[in-house]
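# Structural description and commentary
Below, each chain spelled out in residue letters.
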Amino acid sequence: YDLYLMPDINSRAAHSGGNTQWYYFGVTNMEADVEYKFNIMNLLKPDSLYNSGMRPALFSTANAQRGVGWTRSGVRIAYYENHLETESAAPYYTLTFTITFPHANDVVYLAHCFPYGYGDLNALLTDLTSRPHSTRYLRMSTLCSTLVGNKCPLL
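The structure reproduced in this document is the subject of the present report. (Residues numbered from 1 in each chain as written. Predicted model: local features only at pLDDT ≥ 70, side-chain atom pairs only at ≥ 80, totals over all residues. Heavy atoms only, no water.)

Helix and strand content of the protein: three helices and 10 strands. Going from the N terminus to the C terminus, the protein shows its helices and strands as β-β-β-β-α-β-β-β-β-α-α-β-β. Computed over its C-alpha atoms, the radius of gyration of the protein comes to 19 Å, more than 25% above the 15 Å expected for a compact globule of 155 residues. C-alpha atoms of the protein, sized along the principal axes, occupy 55 × 45 × 30 Å. Going through the 155 residues of the protein one by one, you find that 32% of them count as buried. Counting only contacts in the protein whose residues sit at least 6 apart along the sequence, the fraction spanning at least 24 positions is 62%. Accessible surface, the protein as shown: approximately 10,300 Å² in total, 55% of it carbon and sulfur. Across the protein, the centroid of the 11 positively charged side chains sits 15 Å from that of the 12 negatively charged ones. (Helix = DSSP H or I, 4+ residues; strand = E, 2+ residues; numbered from the N terminus. Rg over C-alpha atoms; globule rule 2.2 N^0.38 Å. Buried < 20%, exposed > 50% of the residue type's maximum accessible area, 1.4 Å probe, protein only. Contact = heavy atoms within 4.5 Å. Areas by Shrake-Rupley, 256 points an atom, 1.4 Å probe, with all protein chains shown as cover. Lys, Arg positive; Asp, Glu negative; His and termini not counted. Charge placed at Lys NZ, Arg CZ, Asp CG, Glu CD.)

Encoded structure:
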């Protein structure tokens, strides 16, 4: 599968094809024990940690029912310059990897890195504010609310 990322909308680079280095997408209706090759075609950095052994993050809803969360997965991983160019004639790069899904008809999410969710943030803030003498060096208030109504903390 050849995949093309949309640039981050809230960046100046979005107008010139920039900030397309991270990804997060779901896969459904797969067959078990079949290799699926993914090519992310429009990345911009000339080198990547994928060339040093990094692997995509994978979350399987079937595995989550067994208590397994995010893991690193994939084989035959490569990151290289391809034949495509940006509007300003800069080269695009491709991340390619192969995944064999262990479960048929699973819902699987693939990402550049493990997501850091709002629950993770709240757990960290609870830990920080419950430490002895935390009031000496930490003050927390609400900066604003997000679009979905979550409090955005200001430390």
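Further notes follow.
Before going further, it helps to spend a moment on the sheet that holds strand 7 (residues 91-100). Taking strand neighbours across the sheet as the criterion, the four strands line up as 1-3-7-6 in an open arrangement whose pairing is mixed. Edge strands, defined here as strands with exactly one partner in the open sheet, are strand 1 (2-3) and strand 6 (75-85). Alignment of strand 6 against strand 7, held across six bridges, turns out to be antiparallel. Counted as the bridge partner of Glu-85 is Pro-91 from strand 7. (Pairing = 2+ DSSP bridges.)

Right, let's get into the packing of aromatic side chains. Applying the stated rule across the entire model yields 12 aromatic pairs. Ring plane angle 5° and centroid distance 5.8 Å describe the contact between Tyr-24 and Tyr-109, whose orientation is recorded as stacked. In this pair, Tyr-24 is assigned in strand 2 (residues 24-27) and Tyr-109 in strand 8 (residues 108-111), connecting sequence segments 85 residues apart. Residue class for Tyr-109 comes out partly exposed when judged on its relative accessible area of 27%. A centroid spacing of 5.5 Å and a plane angle of 40° characterise the contact between Phe-59 and Trp-70, whose relative ring orientation is tilted. Of the two residues, Phe-59 is situated in strand 4 (residues 57-60) and Trp-70 in the loop between helix 1 (61-64) and strand 5 (71-72); the sequence distance between them amounts to 11 residues. Chaining the aromatic ring pairs together yields one cluster made of Tyr-1, Tyr-23, Phe-25, Tyr-36, Phe-38, Phe-97 and Phe-101. (Phe/Tyr/Trp six-rings, centres within 6.5 Å; stacked < 30°, edge-to-face > 60°.)

Strand pairing in a sheet relies on backbone hydrogen bonds. The paired strands run either parallel or antiparallel. Reading across from one edge, 2-8-4-5 is the order of the four strands in this open sheet, with antiparallel pairing throughout. The open sheet is flanked by strand 2 and strand 5, the only strands paired with a single partner. Of the pairings in the sheet, the one linking strand 4 to strand 8 comprises four bridges and is antiparallel in character. Across the sheet, the residue bridging to Leu-58 is Leu-110, located in strand 8.

Read these as layout, nothing more, since geometry by itself doesn't imply function.
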